[in-house]
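# Report on the structure
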Amino acid sequence: MGLTHFDHNGNAVMVDVTEKADTVREATAAGRIKVNQAVYEAVEAGTVKKGDVLSVAATAGIMGAKRTSELIPMCHILPITNCRVWFEMRPEEREIYCFCTVKVTGKTGVEMEALTGVSTALLTIYDMCKALDKSMEIGEISLWNKKGGISGEIINRSSIQPDPI
C-alpha cells in the first residue's frame, strides 16, 4: 500500500473515504515525561501550585484528541464516541507514563487522535510543572495498538506498554 495523502501529481490531498463503510475503530497511544524528584513528588502528592496536574492533563488530552483535525491538515473531522486518558507513575525512573484510548464508529481510524491526546496531556504536565523543572523530557510517543478498519488489529510491541489492570 502506497502513501494515500498524495494525488497522481504529488500534491497533498485528503483521502476520500466517502465509499468506505462505518466500522468501530479504536486506537491507544502512549508516551512519557521524565521529571526531576521535586516534580515527581509534587505531582504524586498533588501539591503543584497550578492544581491537580494529572486531572488537568487528562482533560487537556481529551480536548486535544477532539481537536486533532484542526491541527493535522489532512485528518478528517471525526465524531469521537469515547476518549480516555490515564497515567502511570513510575517512581524508579521518575517518569509519568500517559496513555490515551480513542474510539469512533466511522470511516477512518483514530490513531492521530490518540497520539494527539497523549502529546497534549504530556505538554500540559510540562506547562504546569515548568516552574519546578525546565529540563523535563517528553518522549517515546507512539501508537500502542489499533483495532478496526481494513488492517484489523495492530499491536506495536516496541511501544510503551501499560501495566496490567
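The following paragraphs examine the structure supplied in this document. The model shown is predicted, which means the values in this text are computed figures rather than measured ones.

With that settled, the discussion passes to unusual backbone geometry. In this structure, arginine 94 is a non-glycine residue whose phi angle is positive, near 55 degrees. By the element assignment, arginine 94 lies in the loop between strand E2 (80-90) and strand E3 (95-106). Here glutamate 140, not a glycine, exhibits a phi torsion of approximately 55 degrees, which is positive. One can find glutamate 140 in strand E4 (residues 137-147).

In this section: helix H4 (residues 111-129). Taking 1.5 Å as the rise per residue, H4 with 19 residues should run 27 Å; its terminal C-alpha atoms sit 28 Å apart, in good agreement. Buried within H4 are the following residues: Glu113, Ala114, Leu115, Thr116, Gly117, Val118, Ala121, Leu122, Thr124, Ile125, Met128 and Cys129.

A word on the pairing of strand E1 (residues 23-34). Counted residue by residue, E1 has nine buried out of twelve residues, so it is predominantly covered. Pairing of E1 with E3 involves twelve bridges; the strand directions are antiparallel. Within the sheet, the bridge partner assigned to alanine 30 lies in E3 and is phenylalanine 99. One ladder, built from eight bridges, connects E1 with E4; its direction is antiparallel. Across the sheet, residue glutamate 26 finds its bridge partner in E4, namely lysine 147.

Further remarks concern a nonpolar patch on the surface. Together, Leu123, Ile138 and Ile141 make up an exposed nonpolar region whose accessible area comes to about 240 Å². Looking at the element boundaries, isoleucine 138 is found in strand E4. Accessibility expressed as a relative area gives 34% for isoleucine 138, which makes it partly exposed.

This part is about the pattern of salt bridges. Inspection of every chain in the model, using the stated rule, returns eight salt bridges. A salt bridge links aspartate 127 to lysine 50; the nearest nitrogen and oxygen atoms lie 4.0 Å apart. Placement of aspartate 127 in helix H4 and of lysine 50 in the loop between helix H1 (37-45) and helix H2 (53-66) is noted, with a sequence separation of 77 residues between them. Among the residues examined, aspartate 127 registers a relative accessible area of 36% and is labelled partly exposed. Linked through salt bridges whose partners overlap, the residues forming this network are Glu26, Lys103 and Lys147.

Relative to the elements of secondary structure, phenylalanine 87 occurs in strand E2. Sequence separation of phenylalanine 87 and glycine 139 is 52 residues, and the distance between their C-alpha atoms is 15 Å. Leaving out residues up to four positions away in the same chain, phenylalanine 87 has contacts with Leu54, Ala57, Ala58, Ile96, Tyr97, Cys98, Ala121 and Ile125.

Evaluated as defined, the whole model comprises one aromatic pair. Here tryptophan 86 and phenylalanine 99 contribute two aromatic rings whose centre-to-centre distance is 5.3 Å and whose plane-to-plane angle is 20 degrees, an arrangement assigned as stacked. Of this pair, tryptophan 86 sits in strand E2 while phenylalanine 99 sits in strand E3, and the two are 13 residues apart along the sequence. Owing to a relative accessible area of 0%, phenylalanine 99 belongs among the buried residues under this scheme. Here the guanidinium or amino end of arginine 84 rests over the ring plane of tryptophan 86, the centre of that ring lying 4.2 Å away. The lysine or arginine in question, arginine 90, covers the ring of tyrosine 97, its NZ or CZ lying 3.9 Å from the ring centre.

Scoring rules and cut-offs
Residues numbered from 1 in each chain as written. Predicted model: local features only at pLDDT ≥ 70, side-chain atom pairs only at ≥ 80, totals over all residues. Heavy atoms only, no water. Helix = DSSP H or I, 4+ residues; strand = E, 2+ residues; numbered from the N terminus. Expected span 1.5 Å × (residues − 1). Buried < 20%, exposed > 50% of the residue type's maximum accessible area, 1.4 Å probe, protein only. Pairing = 2+ DSSP bridges. Patch = residues over 30% accessible without salt bridge, like charges linked within 9 Å, V, L, I, M, F, W, Y side chains within 5 Å. Areas by Shrake-Rupley, 256 points an atom, 1.4 Å probe, with all protein chains shown as cover. Salt bridge = Lys/Arg side-chain N within 4 Å of Asp/Glu carboxyl O. Contact = heavy atoms within 4.5 Å. Phe/Tyr/Trp six-rings, centres within 6.5 Å; stacked < 30°, edge-to-face > 60°. Lys NZ or Arg CZ within 6 Å of the ring centre and 35° of its normal.

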